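Analysis of the macromolecular model
Here is how the chains run, residue by residue.
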Amino acid sequence: MPTTVPAHGPDAAARLASMADVTASDAALRRFLHGLPGVDAVGLEARAASLGTRSIKTTAKAYAIDLAISMIDLTTLEGADTPGKVRALSAKGVNPDPTDRTTPRVAAICVYPDMVATAKEALGDSGVHVASVATAFPAGRAALPVKLADTADAVAAGADEVDMVIDRGAFLAGRYLKVFEEIKAVREACRRPDGSSAHLKVIFENGELATYDNIRRASWLGMLAGADFIKTSTGKVAVNATPANTLLMLEAVRDFRAATGVQVGVKPAGGIRTSKDAIKFLVLVNETVGDEWLSNEWFRFGASSLLNDLLMQRQKLSTGRYSGPDYVTVD
Amino acid sequence: MTQTKKNQQPQPAAQPKPGSAFAYAPAPESRSVVDIAPSYGLFIDGEFSDAADGRVFKTVSPSSEEVLSEVAQAGEADVDRAVRAARKAFASWSALPGSERAKYLFRIARIVQERSRELAVLESLDNGKPIRETRDADLPLVAAHFFYYAGWADKLAHAGFGPAPRPLGVAGQVIPWNFPLLMLAWKIAPALATGNTVVLKPAETTPLSALFFADICRQAGLPKGVVNILPGYGDAGAALVAHEGVDKVAFTGSTAVGKQIARTVAGGSKKLTLELGGKGANIVFDDAPIDQAVEGIVNGIFFNQGQVCCAGSRLLVQESVADEVLDALKRRLSTLRVGDPLDKNTDIGAINSAEQLARITALAEAGEAEGAERWSPACELPSAGYWFAPTLFTGVTQAHRVAREEIFGPVLSVLTFRTPAEAVEKANNTPYGLSAGIWTEKGSRILSVANQLRAGVVWANTFNKFDPTSPFGGYKESGFGREGGRHGLEAYLDV
Amino acid sequence: MSDKSEKAEAVRLSVFKTYKLFVGGKFPRSESGRVYEVTDAKGKWLANAPQSSRKDARDAVSAARKAFAGWSGATAYNRGQILYRVAEMLEGRREQFVREVGEAEGLSKSKAAAVVDAAIDRWVWYAGWTDKIAQVVGGANPVAGPYFNLSSPEPTGVVAVVAPQESSFLGLVSVVAPVIATGNTAVVVTSERAPLPALSLGEVLATSDLPGGVVNILSGRTSEVAPTLAAHMDVNALDLAGTVDDAALAKELEIAAADNLKRVLRPQAVDWAAEPGTDRMTAFLETKTVWHPAGAGAASGSAY
């Protein structure tokens, strides 16, 4: 196994270059993606369900809750978003539980590009990142120059991370190289004038890719194109992150690291609302890829209401009483 | 136990378990849901009683060696009394309308469901298997089996055995310790549905769930003598099998004992079904869904600590993917959690008895001595109780004992093959024929290989799946007769 | 409703039940707002029952269609558990049904009790069929070629059931249970004259883990509701049990059913107390046969 380098580090490009033969043409890329081992849906879902029965109690639960909080990309992606809403959410991200200063900060605040500057200002030097969706999120149905401008705009406004969507239409039509080239172009658009780059999360919208074989292929395609993170969903369609599709993506980053030495992060998003759900996902991480992915550098939750449930569970653990929604803040 | 420390090379596992940042705290299932009495009697004619000769034996928890209870030990006189009770009950039981027998069985199924957590904990204590399995596999299957055969009781005319098939009479049933309550269900449910009465002997290391089942029969209002439970040793089983008042013998256990039983009933009129040992081949082709295949291999050999007659104890992997599969398998084995059966996160529990542990140990040592390469993940085993770490043997050939003999433990022998024909040839190259697995994404290969395998159950892209509607049983020395499904009725009908 | 204890003690006025339809798991009144008087066998008023309209029938079909995917996709074991749960729930309300059936059919208490017991046992009978019918009517076919070939029964879809007119409860259960046991969903037109046991059955079904919409129960004029269902293009099959004494209506419905080739189970004289066979299940099952190549052996082999 080659030594590991992070996808967002300077050495990843050279490693990916070693895989250039499989992305040299549409035909080569298709052959490669279709040559990946198949996924048996029943078996995959059974494995995910079985890990879902792990019982995480007491000290392990306390650890998992704090870890989960620290992994949240606290998200607001509504047409009704305002600077006030984004500032309030940012404040909450920095200081999730005003009654308990030991509560960890979230990883990032995730907003639309036009809210990046507001979020950046509100977060200051708190260490909480600003993540911006881009590339005509959530549908991604815009011309490439528009998507690149959308991305560059977010980066220029101070986004630390960019969550792009792939062109599912192109993917489902079998035009893998188009999807690949587009991700590469967006990655370039993430570059800042000083040569550093916003981290790139690539959203597949698993619910629209529909099959597990497609999700595995999209994962490899995204990683080959230079994704720092692969992300399940926009949160805007019927099926978002599930234990099974997240498990599959964890297997993909594990296998990709074994093949290339490049470590890529995973972000399930959408539909994860309870502490119990979040802990199940952490169990998936723990037992599929292990410690090396158990930090917010490598695993994130795209969520909004999840945070309050985690906070209520956290209060329960520290006080012994069940908490209620009146004891956490609404933003 | 000590023998597992040998030959362990710490793999570059994805999971540094001890000291891992996300270490699972103990999550024990409450033992207080089950109330085990200090002593139990034989269950004959609806009453608990001592053995005629007053003998008792102790049943221990294999994970701690703690004595759980003292149980009456059936002897020949008790067998005779139980068979007479069953004979007496047979007349009225078999004369009941099927729909009324059905309702008794539905009641039993429901009570099993209601008491399933209690029974799961009890089974884990007495057998050593993880609560995850008793809770999620054994008990749901037990209830489902009674539900399924309950439904047949008033539909026998539709089962394809003639318009009014008759029961046989008294069924003498001897069951093993690996799935104590599930094997009881497999035996008792079809027997009662078809109108037979039963005398059942549970294994000497796991008598408790059968005795709790006797209490369930009482709660269900089952007429006296329809079900009789005789805890005891092999001598009681032999007496039961040989008893002239028994019309039907059903045995699940070792092939050696099965052959002895076949000799005992030879020349008589007793109907016999045997579900015996196995050396199942789990065949992984190069186009398999690898991640799921690895799960299937693990499930195939480590489910119930490998103490499963249909275990996939021989992994036949196509050479072109052997390294990839073995690396993935070792990585996966490193995440298995071995320990307290009552901890909800335990994957691998205790071996059922000191005797079984000794047998596994001896065969594993033979494997090493014959030159196969042994590997186990790093894992700490408890100091008390009977434990054996998950173990792989690579470089195994058809000539090795670990490839031929049933180990009945968490030991997987890995062989390779080049072509489908070679896989089939190796898979069939055994006196056994109970189960097999096929892993490939190619449908026609599944079906053609399945057609050629001489095994009673073939799982494709899955393993160790059980369902009351699905017939189960072996070819060759794995026994004869089928349990489960419509086919399972035949063993208890005069056809 | 008669209430003997009321007469004896004259202490307390009983509370009447408003009988409602059962559609999509809910208990609506008829959208038409109409009711009709239901009397006992001697003509004494029992209750006002909803008189369903064509729109009620349409709503019921929509509910049945919506429920079909989930119900037909549930495991046979799960369906069996739910049908058995219906029997359990009925057993607990046995006295109520004995009274209702006795009033509806003019039976003595002991005869009504026997009818109700038989109806409970009928649910148990069909609960046991859910996971067995496939083994009885399906199976592997030994085709002459390298193919795996398997035939399995599948539910046909939404079944409109015209329930027996005389046997208001046992007859009703005997026609509804087989339809849903195999995974179909049902729209039931109750006995016109004696709808109350059927409407009460809805209350039992609603508390038996049966998903809403699997059984929908409509009371009213058979001649008004049944033709709507028979002609409805999203209904897949039609059980004409309740038209046994009206050959003209039966023929009219069968003709209407031909528009989308509904499977039609014609009316026939049935002894509802006798043990049923499998015919009421197989009438509403399709057979699906799957072929798959099973390989033909080796493509090669060393020849030297």
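The paragraphs below set out a description of the structure included in this document. Just so we're clear, the structure is a prediction, and the values are computed from it rather than from any experiment.

Take the overall build of chain C next. Per the secondary structure count, chain C includes eleven helices and ten strands. If you line up chain C on its principal axes, its C-alpha atoms span 105 × 40 × 35 Å. Scored against the burial criterion, the 304 residues of chain C give a buried share of 50%. Contacts spanning at least 24 positions in sequence make up 77% of the contacts within chain C whose residues lie at least 6 apart. With the model as given, the accessible surface of chain C reaches about 13,500 Å², and the carbon-plus-sulfur share is 54%. Distance between charge centroids for chain C: 3 Å, based on 32 positive and 34 negative side chains.

Right, let's talk about the side chain of A:Lys231 for a bit. Within the secondary structure, A:Lys231 is located in strand E7 (residues 229-231). Given the relative accessible area of 3%, A:Lys231 is considered buried.

Attention now goes to the interface of chain B and chain C. Contacts between the two partners involve 24 residues from chain B and, on the opposite side, 22 residues from chain C. With both sides pooled, the region where chain B packs onto chain C buries about 2,000 Å², and carbon together with sulfur makes up 61% of that total. Contact with chain C buries surface across chain B, with B:Arg110, B:Lys155 and B:His158 losing the most and accounting together for 28% of the total. The tally of links from chain B across to chain C stands at two salt bridges. Residue B:Lys103 is joined to C:Asp121 by a salt bridge in which the shortest nitrogen-to-oxygen separation is 2.9 Å. Across the contact surface, chain B and chain C share eight residue pairs in polar contact (both at pLDDT 80 or more). Of all elements in the fold, only helix H2 (98-114), helix H4 (131-152) and helix H14 (443-452) of chain B reach the threshold of two or more residues within the side of chain B that touches chain C. Considering each element in turn, the side of chain B that touches chain C owes the most residues, seven residues, to H4(B).

To continue, consider helix H1 (residues 76-95) of chain B. All names here are of chain B. In this model, H1 (20 residues) spans 29 Å end to end at C-alpha, consistent with the 28 Å of a helix rising 1.5 Å per residue. Along H1, the helix axis deviates most sharply at Ala-89, where the bend reaches about 35 degrees. Among all positions in H1, only Asp-78, Val-79, Ala-82, Val-83, Ala-85, Ala-86, Ala-89, Phe-90, Trp-93 and Ser-94 are buried.

So, on to the packing of aromatic side chains. All names here are of chain B. Tallied over the full model, the rule gives 34 aromatic pairs over all chains. Note on Phe-22 and Tyr-24: the rings are 5.2 Å apart at their centroids and 75 degrees apart in plane angle, and the pair reads as edge-to-face. With centroids separated by 5.3 Å and ring planes inclined at 75 degrees, the aromatic side chains of Phe-57 and Tyr-233 adopt a geometry described as edge-to-face. On the criterion of sequence distance, the pair formed by Phe-57 in strand E4 (residues 56-61) and Tyr-233 in the loop between strand E8 (227-229) and helix H7 (234-242) is long-range, its members being 176 residues apart. On the accessibility criterion, Phe-57 (5% relative accessible area) is buried.

Spatially, the three strands line up as an open sheet ordered E3-E4-E10 (chain C), and their pairing is antiparallel. The sheet terminates laterally at strand E3 (139-140) and strand E10 (285-293) of chain C, the two strands that pair on one side only. Here two bridges tie E3(C) to strand E4 (residues 147-155) of chain C, and the two strands are oriented antiparallel to one another. Bridging across to E4(C), C:Gly139 finds its partner in C:Ser151. Lying over the sheet, H14(B) contacts E4 and E10 of chain C, oriented at roughly 90 degrees with respect to E10(C).

Okay, the sheet that holds strand E2 (residues 72-75) of chain A next. Residues and elements named next belong to chain A. With parallel pairing, the eight strands of this open sheet are ordered in space as E9-E7-E6-E5-E4-E3-E2-E10. Since the sheet does not close on itself, it has two edges, and those belong to strand E9 (265-267) and strand E10 (301-303), each with one partner. Adjacent strand axes in the sheet meet at a mean angle of 25 degrees when their direction is disregarded. Two strands pair when backbone bridges link them, and E7 and E9 are joined in this way by three bridges, in the parallel orientation. Opposite Lys-231, over in E9, you have Lys-267 as the bridge partner.

Residue and element names in this part refer to chain B. Turning to its location among the elements, Asp-53 is positioned in the loop between strand E3 (47-49) and E4. Between the C-alpha atom of Asp-53 and that of Ala-74, which follows or precedes it by 21 residues, the distance is 8.5 Å. Here Arg-55 takes part through its side chain, which lies 3.0 Å from a polar atom of the side chain of Asp-53.

Scoring rules and cut-offs
Residues numbered from 1 in each chain as written. Chains lettered and ligands numbered in written order. Predicted model: local features only at pLDDT ≥ 70, side-chain atom pairs only at ≥ 80, totals over all residues. Heavy atoms only, no water. Helix = DSSP H or I, 4+ residues; strand = E, 2+ residues; numbered from the N terminus. Buried < 20%, exposed > 50% of the residue type's maximum accessible area, 1.4 Å probe, protein only. Contact = heavy atoms within 4.5 Å. Areas by Shrake-Rupley, 256 points an atom, 1.4 Å probe, with all protein chains shown as cover. Lys, Arg positive; Asp, Glu negative; His and termini not counted. Charge placed at Lys NZ, Arg CZ, Asp CG, Glu CD. Buried area = accessible area lost by both parts, 1.4 Å probe. Salt bridge = Lys/Arg side-chain N within 4 Å of Asp/Glu carboxyl O. Polar contact = N/O pair within 3.5 Å; in protein donor to acceptor, adjacent residues only side chain to side chain. Expected span 1.5 Å × (residues − 1). Bend = angle between axes of the 7 residues up to and from the residue. Phe/Tyr/Trp six-rings, centres within 6.5 Å; stacked < 30°, edge-to-face > 60°. Pairing = 2+ DSSP bridges. Axes fitted to C-alpha atoms, helices over the stretch in contact; angles between N-to-C directions.

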